[in-house]
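Geometric and topological summary
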Amino acid sequence: KQHTNPRNSMSNYDFIIIGFYFAFMLLIGWVFRKHGKDTSDYFRGGGAMTWWMVGASSFVQTFTAWTFVGLAGAIYSRGSVVSWVFITNIAGTTTCMLFTAGKFRRLRVITWIEGLRERYGNSSEQFYAYFNLLMGFVYGGTGLYVLAVFMSAIFGFSLSTTIITVGIIVTIMSASGGVWAATASDFVQALIVMAVICATAILVLVHPEVGGISGFIDKVPDTHFNWGFDVSDSIFILWLVMGVLNSIFNMNSLSGGAARMIVVKDEKSAVKSLFIPLIGFMFMPFLAFIPSLAAVFLFPNINDLY
């Protein structure tokens, strides 16, 4: 096997862009620091956020570094069936729009854990407060590690340097600007992610070795479009159903997607904010998975390359 150093293919312009992006994230925290006049401003934006900012934040938070690393690898090896992970979000988002978004906004709480206390009492509040504090370290650490693996493979950065640098930047931005900074950065990242996904999908499809949409469909192995080809029908159907139920429970949970409803300015805005992730879940997963499926026939022996 031949191994190449990714840094050899990067120019100074690439490093400038990465540095500018990190600096921009820090700047967002500094710009929004004045919005945190009290706890309500800091934790829920004073309940005055616009629906399009919250909607973009809800959508982009479903895309992580794992989406373009672990999930991409699963699609390469298992096929388009893995896209069900994102398609199920349509069910969760729709039920939240129809039944719970407005109700969660009417809670008039500052944090979701406060709503949990009003509904289930102090004991439940304390349990979930400490539980989520501990799990926050697990989720945050896992997210940083996956991102570091991605950056190491693509840019040649060391794992420890990436984890420390990104961790410091995210902490400073969130601590200084509160939910305003976090939501604003999500909105910017949503624009970047959507632009990159669309541009990459188009560039892959117009590649001479792909041959457009028809060539793409013809060249991807049939097994990668055949859902449930290697499991029993009962297990496959159970997996599909559980994916939908998981999405519905998550999107309508105070500790999940519904927690974002308390930051918008009114009930109507809470419902409107969900149109952005709903439309995104209908189209973006299919565009995001095109490069992984094309790699199946463009790089059939990818393990020998890396």
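Each remark here, short or long, concerns the structure printed above.
What this report covers is the structure whose coordinates are included nearby. (Residues numbered from 1 in each chain as written. Predicted model: local features only at pLDDT ≥ 70, side-chain atom pairs only at ≥ 80, totals over all residues. Heavy atoms only, no water.)

**Looking at the overall build of the protein chain**
Within the protein chain one finds 15 helices and 0 strands. In summary, the protein chain has a C-alpha radius of gyration of 21 Å against a globular reference of 19 Å for 306 residues, a match within 12%. If you line up the protein chain on its principal axes, its C-alpha atoms span 55 × 50 × 30 Å. For the protein chain, long-range pairs separated by at least 24 residues make up 79% of all intrachain contacts whose partners lie at least 6 apart in sequence. Carbon and sulfur atoms make up 68% of the accessible area of the protein chain, which amounts to about 17,200 Å² in all. Put simply, the protein chain has 18 plus and 15 minus side-chain charges, and the middle of one group is 11 Å from the middle of the other. (Helix = DSSP H or I, 4+ residues; strand = E, 2+ residues; numbered from the N terminus. Rg over C-alpha atoms; globule rule 2.2 N^0.38 Å. Contact = heavy atoms within 4.5 Å. Areas by Shrake-Rupley, 256 points an atom, 1.4 Å probe, with all protein chains shown as cover. Lys, Arg positive; Asp, Glu negative; His and termini not counted. Charge placed at Lys NZ, Arg CZ, Asp CG, Glu CD.)

**Concerning the packing of helix α4 (residues 70-78) against helix α14 (residues 290-298)**
Closest axis-to-axis distance for the α4/α14 pair is 8 Å, and the angle between their directions is 45°. Relative to α14, the element α4 lies oblique. Two packed elements cross with a definite hand, and for α4 against α14 that hand is right-handed. Taking contact as the criterion, the partners of A72, I75 and Y76 in α4 are, on α14, S292, L293, A295 and V296. A per-class count over the contact of α4 with α14 returns 6 nonpolar, 1 polar and no charged. (Axes fitted to C-alpha atoms, helices over the stretch in contact; angles between N-to-C directions. Parallel < 35°, antiparallel > 145°, perpendicular 65-115°, else oblique. Left-handed = near helix turned anticlockwise from the far one by under 90°. Nonpolar A, V, L, I, M, F, W, Y, C, P; charged D, E, K, R; others polar.)

**Description of the nonpolar core**
Counting residues in each nonpolar core, the largest one holds 30 residues, and the members touching the most others are F63 and F216. Per element, the largest residue contribution to this core is 6 residues, and it comes from helix α9 (residues 159-205). Those residues in contact with F63 that sit more than four places away from it in its chain are F68, F86, V193, I197, M284 and A288. One finds M97, F104, M251 and I262 within the second-largest nonpolar core, a separate group that totals 27 residues. (Core = buried A, V, L, I, M, F, W, Y, C linked by side-chain atoms within 4.5 Å. Buried < 20%, exposed > 50% of the residue type's maximum accessible area, 1.4 Å probe, protein only.)

**Observations concerning unusual backbone geometry**
If a residue is not glycine, its phi is most likely negative; likewise, a peptide bond is most likely trans. Although it is not a glycine, R108 sits at a positive phi angle of roughly 55°. Residue position: R108 is located in the loop between α6 (89-105) and α7 (112-120). Taking the relative accessible area as the measure of exposure, R108 reaches 53% and is therefore exposed.

**Some points on the pattern of salt bridges**
Scanning all chains against the criterion turns up 2 salt bridges. Here E267 ties to R106 by a salt bridge, and the two come within 2.9 Å at their closest N and O atoms. With E267 in helix α12 (residues 267-273) and R106 in the loop between α6 and α7, the pair connects residues that are 161 residues apart, well separated along the chain. Across the pair E125 and R117 runs a salt bridge, and its minimum N-O distance is 3.5 Å. (Salt bridge = Lys/Arg side-chain N within 4 Å of Asp/Glu carboxyl O.)

**What about the packing of aromatic side chains?**
Taken as a whole, this structure holds 11 aromatic pairs when the rule is applied. For the ring pair F15 and F157, a centre distance of 6.0 Å and an interplane angle of 40° mean the geometry is tilted. Taken together, the residues F15 in helix α1 (residues 12-31) and F157 in the loop between α8 (122-155) and α9 connect sequence positions 142 residues apart. What makes F15 partly exposed here is its relative accessible area of 31%. Its relative accessible area of 15% is what places F157 among the buried residues. Look at F127 and F131: their rings are 5.9 Å apart centre to centre, the planes differ by 10°, and that puts the pair in the stacked class. (Phe/Tyr/Trp six-rings, centres within 6.5 Å; stacked < 30°, edge-to-face > 60°.)

**Considering the environment of L144**
By the secondary structure assignment, L144 is in helix α8. We classify L144 as partly exposed; its relative accessible area is 23%. With 74 residues separating them along the chain, L144 and G70 place their C-alpha atoms 14 Å apart. Residues within four places of L144 in sequence aside, it is in contact with I163, V166 and G167.

**A word on the side chain of T100**
Its location among the elements puts T100 in helix α6. Among the polar contacts made by the side chain of T100, one reaches the side chain of N252 at a distance of 2.5 Å. The contact partners of T100, leaving out residues within four places of it in the chain, are T95 and N252. (Polar contact = N/O pair within 3.5 Å; in protein donor to acceptor, adjacent residues only side chain to side chain.)

**Overview of α14**
Given 3.6 residues to a turn, an α-helix orients residues that are three or four positions apart in the same direction. Burial of α14 is extensive: 7 of the 9 residues sit out of reach of the surface. Within the sequence span of α14, burial applies to I290, S292, L293, A294, A295, V296 and F297.

**Some details on a nonpolar patch on the surface**
Taken together, the side chains of I237, L238, V241, M242, L245 and F249 make up a nonpolar region of the molecular surface, amounting to roughly 590 Å² of accessible area. Here M242 shows up in helix α11 (residues 233-251). (Patch = residues over 30% accessible without salt bridge, like charges linked within 9 Å, V, L, I, M, F, W, Y side chains within 5 Å.)

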